[in-house]
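Okay, here's what each chain looks like letter by letter:
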Amino acid sequence: SAVETELELPDMPIFNSMRPYQRIAPVMYRTGGRDRILIADEMGLGKSLQALGCVHFAGHERVLIVCPAIVKHNWANEITKWLQTSSFIINGWSGDIEETRFNIINYDILSKRLDHLMAIDYDCIIFDEIHRIKNPKAASTKAALQLAKGKQGIIALSGTPITNRPIEFFTSLNMMLPGTFPNYFTYAKRYCNARKTDF
């Protein structure tokens, strides 16, 4: 059928292990030009597998994974399992970054390693738990936005992209689709019923 044709993926372990709903993500990701995707499945449904499938299907050569510190080693294990390649986990505020296809860093040290990361030509960034950059004033958010500028691929993962209010999603959307919402107030007015007052 037409749907099956659209979902054709290479005969490889990473794709053969995917469930039908997971196979859609790599295909949708290949939109040409700058690739953007938000995978917002619930916890335990295989978002990391989908993200790695997107990366592999698109042929990205240098990938940065930004995630909570507690799951850095999980990501390294998933990369080894599905892509049979190594990764380098970035720890601490200093030190060399090994040139492997995948680098993994946590949000807590992102701003401290920004200069080092900006010097590396990543063509894709995976933001795991993208809702962590909801505060536009936080150092990690500013670093994430700077890193994302001009990147060919941005893959955002979160089971809860909006944890409380729609305004929390502005930063993530603006990073993935710059120019769609010209400024913070335009977005707030449309989706949060914001209005200007004397204050």
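The structure this text deals with has already been given above.
Residues numbered from 1 in each chain as written. Predicted model: local features only at pLDDT ≥ 70, side-chain atom pairs only at ≥ 80, totals over all residues. Heavy atoms only, no water.

**Q** Please explain the environment of Leu 145 as it appears in this structure.
**A** Tracing the sequence through the fold places Leu 145 in helix α7 (residues 139-148). Considered as a pair, Leu 145 and Asn 174 are 29 residues apart in the sequence and their alpha carbons are 8.9 Å apart. Leu 145 has contacts with Thr 171 and Met 175, leaving out every residue within four places of it along the chain. (Helix = DSSP H or I, 4+ residues; strand = E, 2+ residues; numbered from the N terminus. Contact = heavy atoms within 4.5 Å.)

**Q** It is not clear to me how the packing of aromatic side chains should be interpreted in this structure. Could you clarify?
**A** In this description, an aromatic ring pair is defined by two values, namely the gap between the centres and the angle between the planes. Inspection of every chain in the model, using the stated rule, returns zero aromatic pairs. Positioned above the aromatic ring of Trp 93 is the side chain of Lys 112, whose terminal nitrogen or guanidinium carbon lies 4.6 Å from the ring centre. (Phe/Tyr/Trp six-rings, centres within 6.5 Å; stacked < 30°, edge-to-face > 60°. Lys NZ or Arg CZ within 6 Å of the ring centre and 35° of its normal.)

**Q** What's the story with the sheet that holds strand β4 (residues 102-106) in this structure? I'm lost.
**A** The strands making up a sheet are joined through hydrogen bonds of the backbone, oriented either antiparallel or parallel. A sheet is described by the order of its strands in space; here six strands give the open sequence β1-β6-β5-β2-β4-β3, paired in parallel fashion. Each of the sheet's edge strands pairs with one partner strand only, and the pair in question is β1 (35-39) and β3 (87-89). Taken over all neighbouring pairs, the strand axes of this sheet differ in orientation by 15° on average, direction set aside. Where β3 lies against β4, three bridges are found, and the strand directions are parallel. Counted as the bridge partner of Ile 89 is Ile 104 from β4. Against the sheet, helix α4 (residues 47-58) makes contact with β1, β2 (63-67), β4, β5 (124-128) and β6 (153-157), and its axis sits at roughly 170° relative to β6, the strand it touches most. (Pairing = 2+ DSSP bridges. Axes fitted to C-alpha atoms, helices over the stretch in contact; angles between N-to-C directions.)

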